[in-house]
Amino acid sequence: MAIIEAHGIRKSYGSLLALHDVDLTVGEGEILALIGPSGSGKSTLLRVLDLIEPADEGRLSVFGIEVASERGSWLDLRRRMGMLFQRPIVFNASVYDNVAMGLRYRRASGEEIDRRVKEALEAVGLSRYIKSRATDLSGGEQQRVALSRVLVTDPEILFLDEPTANLDPTSTATIEEIVMRLNREAGMTVLISTHDLAQGQRLAHRVGVMIEGTIAQTGASSDVFRAPKDRRIARFVGVQNIIPGRVVSRTEGLTTVEAGGRQILSATPPPADEVEIVIRGEDVSLHRREPMHEEAENLFPAMVTRIEPAAPFVNVTISCGCDLVALVTARRGDALGLREGMGVWISLQAKAVHLIPLTGH
Amino acid sequence: MHNQYNTITKMKTETLSTEPLPAGEEANVTRWNEYRGRYLDWCIVGFCIMGAAIVGITVLAIANITMTELADPAHLLKVAASSEVIGSILLTFGAGASAVLLLILFGTPLAYVLARARPSRLKGAVESIVDIPLILPHTVAGLLVYLLFMRRGWLGAPLSEIGLAFEDALPGTIVAMLFVASPFYVNSMREGFEKVPVHLENVARTLGAGTFTAFWTVTLPLSLRHMYSGAILAWGRAIGEFAGVIMIAYYPFIVSTLIYYSFTTDGIHTSRSIAFTVILVSFGVFYLLRRMTRYLGRYDDRV
């Protein structure tokens, strides 16, 4: 069941268009990650969905309620959701008072507040700080206070706006773990925005890529990473090789594309005649001599033109008519004895070669 | 004092000498320390002399009146203790406080809206209107208030029908003070609200606070200091008003009117004593109010 449904959401600040044509459906109990570069509208979208700011245009329903016609019930709807922000924001009061805020706004009784605040702090492992001033804690601890402040109100939907962008790996792991557990055990729906691709992949059931104010692609994270819909998405998800080419033929489920005088086989049906070939660097394998038992469909000799260390990997640029970047582990690079000007063989599975229509960029 | 300075210099020299500095540099540092007391930056000295002219006028004026008044303490005491003077001071302070209370009640929401509104022509227009009393000569301000609130004025007529008279009455004094003091309060309050990040309100709202609750529990507490200093500024402006007030309310006498009246009738002697009394009382009150600011506001909340 869809808990959030948005169609054609548009939002601008003066002359700045922050969101346009946003369509998004989030199922109950789902974790959806919004990934995208800074300034692509992720935070604005979360604020719109959390009913902090109204959209200029578009239809939005939350919990099956069309929000545009129910302005009077926004506060009630908002009280069924919670949001954690990028910067840890705590108020200059005790940790207890910080966590109690949401319950006090809901006019809960003193005993209930007491019980639930203690539970919430227990859950984030901060019980010992209950009487401390929240502003005296470290950044990671403050963010955990902020998280328990949200969780104490039992939100059905939790919005996380780059919640770990400023945190160290340990605090990040703690927060991720809590969120995952709540999703698993309490079935909480989670929308997390992040520019950390790995985090999106780790947490989310489904990923939405936001580019320039709209959701450009949604799908399983593996789809988005391996089969980006267009060039901007491919760039954002870290594809090293985007090469223009022309479709030559299509046989037995394989598309032959010519690029730089070399024919490359792809498992993607041709989206157009003029295409761009999208290949992730880690899918390109290097060999010192022609491999004997290689199952990959593409196999050809090439020459190493550049080697760039990117610990713990090495970016190897190879020339085989067109330039390709291969990502190999530093150890494998050593084993191959890579050096510039050296001849190598590369193998590449047809499945790893993704095709997108050529655009004007 | 001189001894103390020497000790400090010596201490500094000692601290420095324990640092692992090459011998030559150490000598330089020591000499620099010796010179420091004598070194003069002529630019700053010039600025100080020019600035002293401004401060000097105030100091001289107050010294002048203090010397003359303290020469005849009996007369000063007689004037200061007269019920006319005490009553007038209380009236002025009270009317000023009423004006400020009205400003807090009505000016705070205005300041909040101005602080949160996106820049627009309407916002600019409202801001200019708020500033109008600031740029008008006080007599003009007084005349404006008089014309609006006099018995036949647009607002004065209907209000006098329900028994609220402004001409030569306390409400007239208050409304004139309110008019001239409003920009001071509204602008200061608006600045305070602008300094509270919208983000903090958003946090409160995501936690289930409505707009008013977020304002009341987050924004307002964080702006208390600005509210306080704005209120003091406005109050000071209100009780100092003369031209704005006399147009509509010559009576009852506020202190400015009383001093002017006694200056023109009894002469310099009495009016000077009243003025000196007012100086003492005002200083005392403002000093106390300023002292109290340090206990206000949770500034470190700002993220």
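Residues numbered from 1 in each chain as written. Chains lettered and ligands numbered in written order. Predicted model: local features only at pLDDT ≥ 70, side-chain atom pairs only at ≥ 80, totals over all residues.

Enquirer: Please clarify how the overall build of chain B should be interpreted in this entry.
Expert: When helices and strands are counted, chain B shows 15 helices and zero strands. Out of the 303 residues in chain B, the part that is buried amounts to 31%. For chain B, long-range pairs separated by at least 24 residues make up 76% of all intrachain contacts whose partners lie at least 6 apart in sequence. (Helix = DSSP H or I, 4+ residues; strand = E, 2+ residues; numbered from the N terminus. Buried ≥ 20, exposed ≤ 12 C-beta atoms within 10 Å, placed from the backbone. Contact = placed C-beta atoms within 7 Å.)

Enquirer: Sorry if this is basic, but what is going on with the interface of chain B and chain A here?
Expert: The accessible area lost on association of the parts is a frequent measure of interface size. Chain B puts 16 residues into the contact, and the matching count from chain A is 20 residues. For the side of chain B that touches chain A, the element with the most residues is helix 10 (residues 198-206) of chain B, which contributes six residues. Split into classes, the residues belonging to the side of chain B that touches chain A amount to five nonpolar, six polar and five charged. (Nonpolar A, V, L, I, M, F, W, Y, C, P; charged D, E, K, R; others polar.)

Enquirer: Could you clarify how one ought to interpret the pairing of strand 19 (residues 343-348) of chain A in this entry?
Expert: Sheet faces and side chains relate simply in a regular strand, where the side chains alternate between the two faces. All names here are of chain A. In this structure, strand 15 (residues 285-287) lies alongside strand 19, joined through three bridges in antiparallel fashion. Each bridged residue has a counterpart across the sheet, and for His-287 the counterpart in strand 19 is Trp-345. Relative to strand 19, strand 16 (residues 298-310) runs antiparallel, the two being bridged by six bridges. The partner of Phe-300 across the bridge, within strand 19, is Ile-346. (Pairing = 2+ DSSP bridges.)

Enquirer: Would you mind showing me how to read the packing of helix 6 (residues 121-135) of chain B against helix 9 (residues 170-195) of chain B here?
Expert: Between two packed helices, the angle of one axis relative to the other and the distance separating the axes together describe the packing. All names here are of chain B. Between helix 6 and helix 9, the shortest axis-to-axis distance is 8 Å and the interhelical angle comes to 125°. Between helix 6 and helix 9, the angle falls in the class oblique. Helix-helix and strand crossings are classified by hand; for helix 6 and helix 9 the assignment is left-handed. The segment helix 6 lies against helix 9, with Val-130, Asp-131, Pro-133 and Leu-134 engaging Phe-179, Val-180, Ser-182, Pro-183 and Val-186. Here the residues of the contact of helix 6 with helix 9 are counted per class, giving seven nonpolar, one polar and one charged. (Axes fitted to C-alpha atoms, helices over the stretch in contact; angles between N-to-C directions. Parallel < 35°, antiparallel > 145°, perpendicular 65-115°, else oblique. Left-handed = near helix turned anticlockwise from the far one by under 90°.)

Enquirer: Could you clarify how one ought to interpret the UniProt feature "domain: Mop" (unreviewed entry) in chain A in this entry?
Expert: Sequence positions flagged by UniProt for "domain: Mop" (unreviewed entry) are, in local numbering, residues 293-357 of chain A. In residues 293-357 of chain A, helix accounts for 11% and strand for 60%; the two terminal C-alpha atoms are 33 Å from one another. (UniProt positions renumbered as here; feature names shortened; annotations may be inferred.)

Enquirer: It is not clear to me how the domain arrangement of chain A should be interpreted in this structure. Could you clarify?
Expert: All names here are of chain A. What the domain assignment reports for chain A is domain 1 (2-231) and domain 2 (242-357). Centre-to-centre, using C-alpha coordinates, domain 1 lies 40 Å away from domain 2. Domain 1 puts six residues into the contact, and the matching count from domain 2 is five residues. Here the side of domain 1 that touches domain 2 is composed, by residue class, of two nonpolar, no polar and four charged. (Domains from an automatic or database assignment.)

Enquirer: Looking at this structure, how should I read the pairing of strand 12 (residues 254-259) of chain A?
Expert: Residue and element names in this part refer to chain A. Bridge analysis of strand 11 (residues 241-251) against strand 12 gives five bridges, and the strand direction is antiparallel. Each bridged residue has a counterpart across the sheet, and for Thr-251 the counterpart in strand 12 is Leu-254. Here strand 11 hands over to strand 12 after two residues, with Glu-252 in that stretch at a positive phi of 45°. Pairing of strand 12 with strand 13 (residues 262-266), which is carried by five bridges, proceeds in the antiparallel orientation. Paired with Ala-259 across the bridge in strand 13 is Arg-262. The turn joining strand 12 and strand 13, which pair antiparallel and follow one another in sequence, is formed by two residues; a positive phi near 55° is taken by Gly-260.

Enquirer: When you look at the sheet that holds strand 8 (residues 189-194) of chain A in this model, what are you seeing that I'm missing?
Expert: Strand pairs in the sheet, formed through backbone hydrogen bonds, run parallel or antiparallel to each other. Residue and element names in this part refer to chain A. Pairing is mixed in the open sheet, where six strands are placed in the order 6-7-8-3-9-10. Across the chains shown, the open sheet's two edge strands, defined by having one partner strand only, are strand 6 (81-84) and strand 10 (214-219). Averaged over all neighbouring strand pairs, the angle between strand axes comes to 20°, with direction disregarded. With five bridges joining them, strand 7 (residues 157-161) and strand 8 adopt parallel strand pairing. If you follow Ile-157 over to strand 8, its bridge partner there is Thr-189. Where helix 5 (residues 139-151) meets the sheet, it contacts strand 6 and strand 7, and its direction lies at approximately 175° from that of strand 6.

Enquirer: When you look at the nonpolar core in this model, what are you seeing that I'm missing?
Expert: Generally speaking, soluble globular proteins have nonpolar side chains that are buried together. Ranked by internal contacts, the top residues of the largest apolar core, which has 149 residues, are Leu-191 of chain A together with Met-177 and Ala-181 of chain B. Ignoring sequence-local partners within four residues, the contact set of Leu-191 of chain A consists of Val-26, Leu-32, Leu-34, Leu-46, Leu-49, Ile-157 and Phe-159 of chain A. (Core = buried A, V, L, I, M, F, W, Y, C linked by C-beta atoms within 7 Å.)

Enquirer: I would appreciate a short explanation of the sheet that holds strand 1 (residues 2-13) of chain A in the present structure.
Expert: All names here are of chain A. With antiparallel pairing, four strands are arranged side by side in an open sheet as 2-1-4-5. Only two strands of the sheet have a single partner each, and these edge strands are strand 2 (16-27) and strand 5 (65-66). Bridge analysis of strand 1 against strand 2 gives eight bridges, and the strand direction is antiparallel. Bridge assignment links Ala-2 to a residue of strand 2, and that residue is Gly-27.

Enquirer: Would you explain the environment of Arg-250 of chain A in this entry?
Expert: Residues and elements named next belong to chain A. Relative to the helices and strands, Arg-250 is located in strand 11. Residue Arg-250 is classed as partly exposed on the basis of its C-beta count, with 13 C-beta atoms lying within 10 Å. Taking C-alpha positions, Arg-250 is 9.7 Å from Ala-267, a pair spaced 17 residues apart along the chain. Filtering out sequence-adjacent residues up to four positions away, Arg-250 remains in contact with Thr-255 and Pro-270.

Enquirer: How should I be thinking about helix 5 (residues 83-116) of chain B in this particular structure?
Expert: The α-helix advances 3.6 residues per turn, and as a result positions three or four apart in sequence lie on the same side. Given a rise of 1.5 Å per residue, 34 residues ought to cover 50 Å, and the 48 Å separating the end C-alpha atoms of helix 5 of chain B matches this to within 8%. At Gly-107 of chain B, helix 5 of chain B shows its largest bend, some 40°, and a proline, Pro-109 of chain B, comes one to four positions later. (Expected span 1.5 Å × (residues − 1). Bend = angle between axes of the 7 residues up to and from the residue.)

Enquirer: Which parts of the structure should I look at to understand the confidence of the model for chain B?
Expert: Close inspection of predicted coordinates is inappropriate in any region flagged by low pLDDT. Residues and elements named next belong to chain B. On average, residues of chain B carry a pLDDT of 86, and 85% of them reach 70 or more. Ignoring residues within four places in sequence, the model shows residues 1-22, a span with pLDDT below 50, making seven contacts including any to other chains. This prediction of the complex comes with two scores: 0.79 for pTM and 0.79 for ipTM. (pLDDT = per-residue confidence, 0-100.)

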